[in-house]
Amino acid sequence: MKGLRCRLQHHLNPLHVYCRLRTLGMAPRAARAVSFCYERVVYRFVLA
């Protein structure tokens, strides 16, 4: 179970989300805004 949690923390990390959005072609400012909102709304409650 510990390995699964580590992998989820990595892939759901806001910085990882930002990088994936940039890879998909999203503008830096928009990707930063989305990852910031994602961190505030989802990440802190799910994995923190």
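None of the values given here were measured: they were computed from a predicted structure.

## Brief notes about the overall build of the protein
Counting its secondary structure elements, the protein contains three helices and zero strands. Reading the protein from its N terminus to its C terminus gives the helix and strand order α-α-α. If one aligns the C-alpha atoms of the protein with their principal axes, the spans along those axes are about 35 × 20 × 10 Å. Accessible surface, the protein: about 3,900 Å² in total, of which carbon and sulfur atoms supply 66%.

## Description of the nonpolar core
Judged by nonpolar contacts, V17, L21, A31, Y38 and Y43 together constitute the single largest core of five residues. Secondary-structure elements contributing two or more residues to this core are α2 (14-23) and α3 (28-46). Examining the composition of this core, we find that three residues originate from one element, α3, more than from any other. In this structure A31 touches Y18, L21, R22 and M26, once residues within four positions along its chain are discounted.

## Examining the confidence of the model for the protein
Any residue range with low pLDDT should be treated as having predicted coordinates unsuitable for detailed reading. Scored by pLDDT, the protein has a mean of 89; 94% of the residues are at 70 or more. Per-element confidence in the protein is highest for α2, whose mean pLDDT is 95, and lowest for helix α1 (residues 2-11), whose mean pLDDT is 84.

## Here's the deal with the side chain of S35
Secondary-structure assignment places S35 in helix α3. Within the structure, S35 has its side chain in polar contact with the backbone oxygen of R32 (distance 3.1 Å). Apart from the residues within four sequence positions on either side, S35 is in contact with P14 and Y18.

## Considering a nonpolar patch on the surface
A surface patch of nonpolar side chains, amounting to about 420 Å² of accessible area, comprises V41, V42, F45 and V46. Its relative accessible area of 53% is what places V46 among the exposed residues.

Conventions we followed
Residue positions are counted from 1 within each chain, in the order its sequence is given. Whole-chain, interface and lining totals are the exception, using all residues; otherwise, since this is a predicted model, local features are given only for residues with pLDDT of at least 70 and side-chain atom pairs are given and counted only at 80 or more. Water and hydrogen atoms were dropped before computing side-chain values, which therefore reflect all heavy atoms in the structure. In this description a helix means any DSSP run of H or I spanning at least four residues, a strand means any run of E spanning at least two, and both kinds are numbered starting from the N terminus. Every accessible area reported is derived by Shrake-Rupley at a probe size of 1.4 Å, with residue values counting cover from the shown protein chains alone. Throughout this description, the term nonpolar core refers to a set of buried Ala, Val, Leu, Ile, Met, Phe, Trp, Tyr and Cys residues connected via side-chain atoms within 4.5 Å. Relative accessibility under 20% of the residue-type maximum defines a buried residue, over 50% an exposed one, and the middle range a partly exposed one, all with a 1.4 Å probe and only protein chains included. Note on definitions: a residue-residue contact is assigned when non-hydrogen atoms from the two residues lie within 4.5 Å. Per-residue confidence from the predictor is given as pLDDT, running between 0 and 100. Pairs of N or O atoms are called polar contacts if they sit within 3.5 Å, as long as, within protein, a hydrogen donor faces a hydrogen acceptor (for residues adjacent in sequence, only side-chain-to-side-chain pairs). Note on patches: the residues involved have over 30% relative accessible area and no salt bridge, like charges join within 9 Å, and the nonpolar side chains Val, Leu, Ile, Met, Phe, Trp and Tyr join within 5 Å. Within this document, salt bridges are pairs made up of a side-chain nitrogen of Lys or Arg and a carboxyl oxygen of Asp or Glu, the two lying within 4 Å of each other.

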